[in-house]
Amino acid sequence: MVLTVVLNPCVDKTLWVEKLTLDLVTRAGRMDLQSGGKGTNVARVLSRLGTPCRCLALTGGIQGQWYTALAREEGIDLIPVPVSGQTRCITTMVEEGTFRQAAFAEPGARVSEAEWQAFFQAFDAQLPDTDWVVLQGSLPAPELSWVYRELIERAHASGSQVWLDSRDEGLTQCIEAGPDFIKPNEQELSQLLSARKATGPEQLLGTIPNIVLSRGEQGASWLHLQGELCQSVFAVETVNPVGSGDSFTAGFLHGLSRGYKREDTLKLACLLGALNASQWRAADFTRADVEGALKRYGLTLAL
């Protein structure tokens, strides 16, 4: 089973308007709601692909109840851990036709020491059934890097492997805990190398067995102790890239869970990232959508 961890979930609200304007009342022609947070997106895609997956999330207040209801409606096996603060909402106004947008993100909920302990207990309870722990997304606050380190150590103590996709302190301060995979982009890798006083990613492979590097328009590469694999992007007309990295992670974890060859795992990850970018809603496509994309690009992977 895959367990995704969501420390800073959100309700994603999209308002579609004819024209983005300031200083005027803007009436939306339609509204779209979705559970959000990077680990939430990963769980949504994995669930639809048929990979056993649960999502452990800190939730609070009325918006936390809203998030929980949306996630479950979307087929996510959610385990909410209550906190006293309010789960955030991200409201995005999108101009019809042009996709010009403006996003407004609320601050995340503050978490008390007692609430962190309850969260760790809930996390530990899932570990006996967990093969992979996914720590996906930035931290609610920079000083909370200790939380990811603690989760990595607990996961490893139980025999679970860890996928870490974060940035800033969530990445640089967690390397010593030894996640099994990290997924930086080129800028994040540069920051990590600088923090570690390393000249190249191969110098990190003693601490991190696998580095999956997002190269933007150049695709992605997988560096591991036996060498490096590269995969170019799958060309699509981009509508909204939000959620593409999470869809990539879901494809990668699906491949690892199903025992794919390395090159097929990387292909599926890149394909799902491209499929996500071709539509508006983040990480919201079906197994049939993926099978159709595999056919269009002439790939013979069995989901």
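Notes on the structure in this doc start here. (Residues numbered from 1 in each chain as written. Predicted model: local features only at pLDDT ≥ 70, side-chain atom pairs only at ≥ 80, totals over all residues. Heavy atoms only, no water.)

Regarding the pattern of salt bridges
Evaluated as defined, the whole model comprises 16 salt bridges. In this structure, Asp-124 and Arg-154 form a salt bridge, with 2.4 Å as the shortest nitrogen-oxygen distance. Here Asp-124, found in helix H3 (residues 113–126), pairs with Arg-154, found in helix H4 (residues 145–158); they are 30 residues apart in sequence, far enough to count as distant. Looking at Arg-154, the relative accessible area reads 23%, which means it is partly exposed. Notably, a salt bridge pairs Asp-165 with Lys-183, separated by 3.4 Å at the nearest N-O pair. Of this pair, Asp-165 sits in strand S9 (residues 161–165) while Lys-183 sits in the loop between strand S10 (181–182) and helix H6 (186–196), and the two are 18 residues apart along the sequence. Of the two residues, Asp-165 and Lys-183, both sit in the buried class. (Salt bridge = Lys/Arg side-chain N within 4 Å of Asp/Glu carboxyl O. Helix = DSSP H or I, 4+ residues; strand = E, 2+ residues; numbered from the N terminus. Buried < 20%, exposed > 50% of the residue type's maximum accessible area, 1.4 Å probe, protein only.)

Focus on the layout of surface pockets
If you add up the space inside the second largest pocket, you get close to 180 Å³. Around the second largest pocket sit Gly-108, Ala-109, Arg-110, Val-111, Trp-116, Pro-140, Ala-141, Glu-143 and Leu-144, which together line it. For the lining of the second largest pocket, the residue count by class is six nonpolar, one polar and two charged. (1 Å grid on protein atoms, 1.4 Å probe; cavity = no way out; pocket = protein on both sides within 12 Å on 5 of 7 lines; lining within 4 Å. Points joined across faces, edges and corners; volume = space filled by probe spheres on them. Nonpolar A, V, L, I, M, F, W, Y, C, P; charged D, E, K, R; others polar.)

A word on the sheet that holds strand S7 (residues 101–105)
Spatial strand order, S3-S2-S6-S7: four strands in an open sheet with mixed pairing. Since the sheet does not close on itself, it has two edges, and those belong to strand S3 (30–36) and S7, each with one partner. Across this sheet, the average inter-strand angle for adjacent strands is 15°, counted without regard to direction. In terms of strand pairing, strand S2 (residues 10–17) meets S3 through seven bridges, oriented antiparallel. (Pairing = 2+ DSSP bridges. Axes fitted to C-alpha atoms, helices over the stretch in contact; angles between N-to-C directions.)

Some thoughts on H3
With 14 residues, H3 should reach 20 Å at 1.5 Å per residue; the first-to-last C-alpha distance of 20 Å fits that figure. Every buried residue belonging to H3 is among Glu-115, Trp-116, Phe-119, Phe-120, Ala-122, Phe-123 and Gln-126, and all of these are buried. Looking down the long axis of H3, one finds its buried residues gathered within 160° of arc, a one-sided arrangement. Exposed and facing more than 90 degrees away from the buried side of H3 are Glu-113, Ala-114, Gln-121 and Ala-125. On its buried face, H3 sits against strand S1 (2–6), strand S4 (53–59), strand S5 (78–82), strand S8 (132–136) and H4. (Expected span 1.5 Å × (residues − 1). Arc of directions from axis to C-beta. Contact = heavy atoms within 4.5 Å.)

Things to note about the packing of aromatic side chains
Enumeration according to the criterion identifies 16 aromatic pairs in this entry. Between the aromatic rings of Phe-99 and Trp-280, the centroid separation amounts to 6.1 Å while the plane-to-plane angle is 15°, which identifies the pairing as stacked. With Phe-99 in the loop between strand S6 (88–95) and S7 and Trp-280 in the loop between helix H8 (262–277) and helix H9 (287–296), this residue pair connects regions lying 181 residues apart in the sequence. Given the relative accessible area of 31%, Phe-99 is considered partly exposed. Given the relative accessible area of 14%, Trp-280 is considered buried. Taken together, the aromatic side chains of Trp-132, Trp-163, Phe-181, Trp-222, Phe-248 and Phe-252 make up a single cluster linked through ring pairs. (Phe/Tyr/Trp six-rings, centres within 6.5 Å; stacked < 30°, edge-to-face > 60°.)

Focus: the pairing of strand S13 (residues 227–231)
Both strand S12 (residues 220–224) and S13 contribute to a ladder of five bridges, which runs antiparallel. Directly across from Trp-222, in S13, lies its bridge partner Leu-229. In sequence, S12 turns back onto S13 through a hairpin of two residues.

Observations regarding the side chain of Asp-284
As for its position among the elements, Asp-284 is in the loop between H8 and H9. In terms of polar contacts, Asp-284 uses its side chain to reach the side chain of Arg-281, at 2.4 Å. Setting aside residues no more than four positions away along its own chain, Asp-284 makes contact with Gln-34, Arg-44, Arg-48 and Gln-279. (Polar contact = N/O pair within 3.5 Å; in protein donor to acceptor, adjacent residues only side chain to side chain.)

Keep in mind these values describe shape, not function.
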